[in-house]
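The residues making up each chain are set out below.
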Amino acid sequence: MALMDAYTGVLDESRVKHLLRRTTFAPTTDNIKSLTGRSATAALANLLSDTPIPSPPIDPTTGEQWHNKSYNRDKDANYNEYLKSWWAGLMFNDGVSLREKMTLFWHNLLVSSYPAVQDARYLYRQNALLRRFAFGNVRTLLKEITIDPAMLRYLNGNTNTKATINENYGRELQELFTIGKGAEVSAGNYTNYTEQDVRAAARVLTGWTDVPEGVTSRFVADNHVSEDKQFSAAYQNTVIRGRSGADGAQETDELLDMIFRQPETARFFCRKLYVWFVGTEIDATIEKEVIGELANTLRGGNWEIKPVLEMLFKSQHFFDTANIGAMVKSPIDLVVSTTKYFSKYFAPTIPSQVSDPEGYYNFMKWLWQNADTQEMGILNHPNVAGWKAYYQTPLYDRLWMNTATLASRNDFTDKLLGGFTIATKQGMTRFAVDSIAFAKDVCSSPSNGDDLVDKLSIDLTGVALTSEQKLYLMDEVLAPGFSNARGAWDMNWSFYAVDPDNPAKRQAVQSRIDNVLKFVLQMPETHLV
Amino acid sequence: MKRRDFLTGLGSAAIGLPLVLDGFTTRAFAESPTLKHVAMLAAAQDRVLVLIQLSGGNDGINTLIPLDQLSDYYRLRQAVAIPQNRIVKLNDATGLHPTFAPIKSLFDDGNLTIVNGVSYPTVNQSHFRSTDIWFTASDSEQYLSSGWLGRFVNYEAPTYPTGYPNDKTPDPLAIEIGGAMSLTLQGNTNATGITIRDLSAFEQLVSGQATTGGSVAQRTGKAGARIDFIRDVQAQSQKYSSRIRSVADKGRNKAQYPDKGKNPLADQLQIVARLIAGGLQTRVYVVNLGGFDTHWSQAEPSDVTTGIHANLLRYLAEGMKTFQQDLKLLGLENKVLGMTISEFGRRPATSSLGTDHGTAGPMFLFGAPVKGGIIGKNPSLTDLLPDGNLKMQYDFRQLYTSVLSQWFQADTQHLNTVMMKSFEQLPLLTTTSVRDEQAQATAISMTIRNYPNPCAGATRIEYHLPQSGTVHLTLHDMLGREIATVAQGYQAQGAQSVEFDASHLAQGAYFYRLQTEQGMTSGQMNVVR
């Protein structure tokens with residue numbers, strides 16, 4: 001049996017959770033139910049279906065769009081925040097769909113950050129591009145991102161002229177965006193490309209610049225190097241013929257085509273997808289059977305990403321139990337998915353985008369700010385290589401966890417239950433998960449303590465808790481101190497159930513359910529995905 | 001090194017006020033009332049309270065057996081009554097359950113004070129609710145969301161955990177041994193303490209060695225490796241872990257505790273003694289002994305001196321006694337006060353195999369600081385409440401108030417903030433409160449009262465002045481805020497009274513304070529509408 005063979009059985013609950021956790025921000029109880037017992041093919045049809053292009057971000061204080069207006073120096077920092085809140089909202093509202101996790105994947109591969117770009121309109125345009133290509137053609141996306149105005153600013157393509165060559169983008173295009181650096185076999189030779197190729201690529205790319213008015217890019221022929229560009233043996237000694245005038249822009253297409261002719265380029269993308277979605281440990285077998293097969297699909301499908309995603313998420317290998325819960329959950333995933341999981345139970349309800357846009361944007365800001373504190377800021381990468389957890393050997397995803405981020409993660413989950421304050425149109429509003437409403441919804445017999453702790457925790461942990469751990473939750477967290485903890489819980493739930501408006505009786509059960517949820521949310525098992 | 005454990009919420013810090021005494025000599029304190037006051041406060045900073053929660057509702061009547069009512073005892077308690085020849089005599093009126101007998105030497109040494117008949121008006125027979133009442137120090141129908149010790153800690157450290165630990169307070173303000181923080185230590189917004197799960201978790205924290213505790217799941221594979229990694233980060237990220245580790249390295253137990261796992265209470269007290277011995281400045285510890293909800297199998301029918309309750313009493317007696325021995329050997333006995341609480345007692349009349357929820361029960365205060373002896377009478381087994389339960393002799397909040405005042409030297413404002421009302425103190429300790437000291441120093445005893453009380457309109461505040469002089473009589477709300485000056489100026493020796501109109505006050509409790517040149521006294525006024 002080959003690793004990429006299709007998983008043909010129906011998906012059980014644990015595999016549905018695995019699939020939803022890895023591919024979406026919405027592993028909610030309802031979504032888990034709706035996919036359990038269905039085939040991987042059916043689930044993938046949902047995950048990969050195209051969704052409408054979202055309307056652009058607004059200034060929630062005025063309700064007006066700003067991406068199509070002139071640069072506004074005074075307000076741009078605000079617009080950047082609105083952009084992030086708008087994006088966090090798209091992640092939060094994305095249902096059973098791969099779109100937003102793929103958009104984020106592209107953002108982490110094709111990095112641009114606000115501190116370098118300094119124009120929120122540019123970053124909105126780039127973000128919309130990444131989203132449009134969530135299920136699109138990789139080669140086309142790379143052609144577009146190469147002349148994307150934000151990228152031209154971020155990697156200095158806009159200063160790359162025949163008078164002053166800037167190699168920044170020409171290098172990162174090869175090292176980080178497409179073919180990747182192989183072993184340095186000799187000085188300046190990185191197996192897949194060489195320093196000569198960096199210089200040649202930079203010369204090909206001369207002439208592009210960004211245009212603030214209208215947020216677009218333009219090819220300035222006078223700035224273009226019109227001589228031939230000689231590439232190394234790594235690219236079969238390809239020569240890109242120099243062109244003058246407007247035709248110089250065509251060389252950029254030829255550069256990308258040359259890079260995409262190399263088999264290693266397809267493997268590079270597939271490895272990136274694997275590390276993002278499946279795991280960080282790529283041994284010889286996985287390299288051959290998984291990366292190799294996916295790369296064949298990518299090239300055979302003329303660089304369409306959808307068939308690759310479909311093959312990956314239908315494979316025996318993806319659903320192998322060894323891969324379930326085998327990654328540390330990223331901060332954005334923790335923040336967005338956990339809030340989403342409890343979203344039905346917030347009291348008061350989460351502000352509506354339509355009737356309280358400011359409240360909505362502020363709520364979404366709370367999400368990305370929390371992720372930021374946990375060291376995963378959107379549009380705020382530490383550098384062009386993206387978040388370390390996706391490339392830094394040997395720890396990879398474990399890097400999300402350190403003493404500082406763990407405290408921030410715990411602080412975030414404690415606040416979901418304990419409450420946090422956000423400005424809405426009602427004024428400063430305190431939001432918290434109504435854990436009793438949640439408990440009643442997920443557990444048909446909340447008076448049964450064992451059943452309750454099981455249902456409270458079952459969808460939260462990346463690997464199932466052992467029966468011993470659940471007994472601990474029952475005996476030491478839900479109703480500590482009782483030889484008959486079950487009886488004590490049952491009785492107190494009954495007291496509450498017949499008099500639900502009595503605050504003391506409500507507190508007696510709610511504080512204990514809160515304790516269980518806070519405890520579970522801090523367990524190592526919950527930090528796994 | 002692998003730590004296969006989950007510790008949660010271990011924070012730490014110490015409450016200690018700055019030692020304002022540096023530079024003063026002991027002689028100086030004795031000579032100046034002000035400095036003496038300061039000295040007492042400083043000594044109080046060094047004092048420790050260990051609260052032992054007996055969860056489930058301890059059967060006081062089988063803990064302390066009323067030798068003066070044996071015929072009623074045997075009539076009512078067939079299922080659990082201890083045969084007369086097995087009762088261990090504490091004094092002429094009171095006997096001990098045979099497994100509780102180890103406390104007799106504590107009692108004989110003057111290191112145990114027993115307070116009979118402790119409860120509160122209108123006992124709630126729900127475990128959770130009644131526990132919440134004891135934890136929050138609320139009235140039966142009052143709903144409070146913070147614990148009495150949490151408020152006590154918050155009074156001096158209102159910003160905790162922000163800014164903690166710091167140079168002045170490097171240690172946890174409070175420590176609870178157990179899986180989840182109880183309401184006792186819940187402050188106004190945050191928990192005011194940290195938790196250490198159990199002896200295994202503690203040993204692991206201290207030694208850095210892997211242990212396998214009951215709640216820890218052994219896992220393998222990629223997920224298991226990550227769980228180990230997260231547990232390591234958790235152990236490192238306990239704010240106070242390095243401090244606790246270094247203190248535990250210095251601290252050594254000197255008494256012989258029962259083997260680990262043989263006595264769950266002694267296991268916990270062993271940790272507490274070691275931390276105190278090592279110099280941890282934490283002033284409040286909460287430990288738990290559960291299983292007192294003995295509806296069934298309280299005693300073995302074949303030998304009623306054995307069974308669940310017998311084992312629990314053995315744990316309690318052995319635990320208190322060994323802990324006290326340890327403190328004495330360590331030279332710390334004057335520093336530590338122990339107190340037991342239980343959410344209610346049990347009913348005099350037994351059911352078939354055990355006892356039902358009751359009302360009043362005995363509380364134990366132990367350690368060198370206690371006065372020793374018994375406060376209150378044996379509960380009457382014939383003069384019962386209509387539901388067949390014991391009558392209350394003392395409100396548990398009188399004991400809390402007494403401990404805060406006499407042990408921690410809390411002043412009136414502090415007491416009112418923590419306890420919300422004023423409660424008459426009991427002479428529990430050899431140490432006395434600041435107020436008592438002042439009163440004794442001038443050998444003046446003043447009484448003050450108002451009539452009618454409760455009042456709706458006019459009431460008369462009456463008091464007796466031992467000497468003529470300047471007086472200042474003020475009225476305060478329960479937070480200690482001054483509401484009105486009732487009388488001020490020179491008054492003659494002897495009986496005095498002032499008319500006061502309470503009709504403009506909101507319903508609730510108030511206290512008034514009479515300051516004279518000889519000292520201060522106060523009383524409580526209840527306003528009803």
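Residues numbered from 1 in each chain as written. Chains lettered and ligands numbered in written order. Predicted model: local features only at pLDDT ≥ 70, side-chain atom pairs only at ≥ 80, totals over all residues. Heavy atoms only, no water.

Caption draft 1: Up close: the pattern of salt bridges. Evaluation of the coordinates by the stated rule reveals 52 salt bridges over all chains. For B:Asp395, the salt bridge goes to B:Arg397, with nearest N and O atoms at 2.8 Å. We note that B:Asp395, like B:Arg397, is buried. Through salt bridges that share partners, A:Glu264, A:Arg267, A:Arg271 and A:Glu287 make up one connected network. (Salt bridge = Lys/Arg side-chain N within 4 Å of Asp/Glu carboxyl O. Buried < 20%, exposed > 50% of the residue type's maximum accessible area, 1.4 Å probe, protein only.)

Caption draft 2: Representation of the packing of aromatic side chains within the structure. Scanning all chains against the criterion turns up 49 aromatic pairs over all chains. Centre to centre, the rings of A:Tyr360 and A:Tyr361 are 5.9 Å apart; their planes meet at 70°, and the pair counts as edge-to-face. As far as the burial class goes, A:Tyr360 and A:Tyr361 line up, both buried. Here B:Trp148 and B:Tyr400 contribute two aromatic rings whose centre-to-centre distance is 3.7 Å and whose plane-to-plane angle is 5°, an arrangement assigned as stacked. Placement of B:Trp148 in helix α7 (residues 148-156) and of B:Tyr400 in helix α13 (residues 396-407) is noted, with a sequence separation of 252 residues between them. Note that B:Arg283 overlies the ring of B:Phe408, its terminal NZ or CZ placed 4.9 Å from the centroid. (Phe/Tyr/Trp six-rings, centres within 6.5 Å; stacked < 30°, edge-to-face > 60°. Helix = DSSP H or I, 4+ residues; strand = E, 2+ residues; numbered from the N terminus. Lys NZ or Arg CZ within 6 Å of the ring centre and 35° of its normal.)

Caption draft 3: Just the confidence of the model for chain B, in detail. All names here are of chain B. For chain B, the average pLDDT comes to 83, and 85% of its residues sit at 70 or higher. In the model, residues 210-215 has pLDDT below 50 throughout and makes eleven contacts with residues more than four positions away in sequence or in other chains. Here residues 436-445 is modelled with pLDDT under 50, and outside its nearest four sequence neighbours on either side it reaches ten contacts, counting other chains as well. (pLDDT = per-residue confidence, 0-100. Contact = heavy atoms within 4.5 Å.)

Caption draft 4: View of the interface of chain A and chain B. At the junction of the two partners, chain A supplies 50 residues and chain B supplies 42 residues. The tally of links between chain A and chain B comes to five salt bridges. In this structure, A:Arg512 and B:Asp132 form a salt bridge, with 3.1 Å as the shortest nitrogen-oxygen distance. On inspection of chain A and its partner chain B, the count reaches eleven residue pairs in polar contact (both at pLDDT 80 or more). Only α19 (403-418), α22 (467-478), α23 (485-498) and α24 (503-522) of chain A provide two or more residues apiece to the side of chain A that touches chain B. No other element matches the eight residues that α24(A) contributes to the side of chain A that touches chain B. For the side of chain A that touches chain B, a count of residues per class yields 28 nonpolar, 15 polar and seven charged. (Polar contact = N/O pair within 3.5 Å; in protein donor to acceptor, adjacent residues only side chain to side chain. Nonpolar A, V, L, I, M, F, W, Y, C, P; charged D, E, K, R; others polar.)

Caption draft 5: View of the domain arrangement of chain B. Per the domain assignment, the segments of chain B are domain 1 (26-435) and domain 2 (442-527). The C-alpha-based centres of domain 1 of chain B and domain 2 of chain B are spaced at 36 Å. (Domains from an automatic or database assignment.)

Caption draft 6: Looking closely at the sheet that holds strand β4 (residues 94-96) of chain B. All names here are of chain B. Pairing is antiparallel in the open sheet, where three strands are placed in the order β2-β4-β3. In this open sheet, the two edge strands, each paired with only one partner strand, are β2 (64-66) and β3 (88-89). Where β2 lies against β4, three bridges are found, and the strand directions are antiparallel. Looking at the pairing, proline 66 lines up with threonine 94 of β4. (Pairing = 2+ DSSP bridges.)

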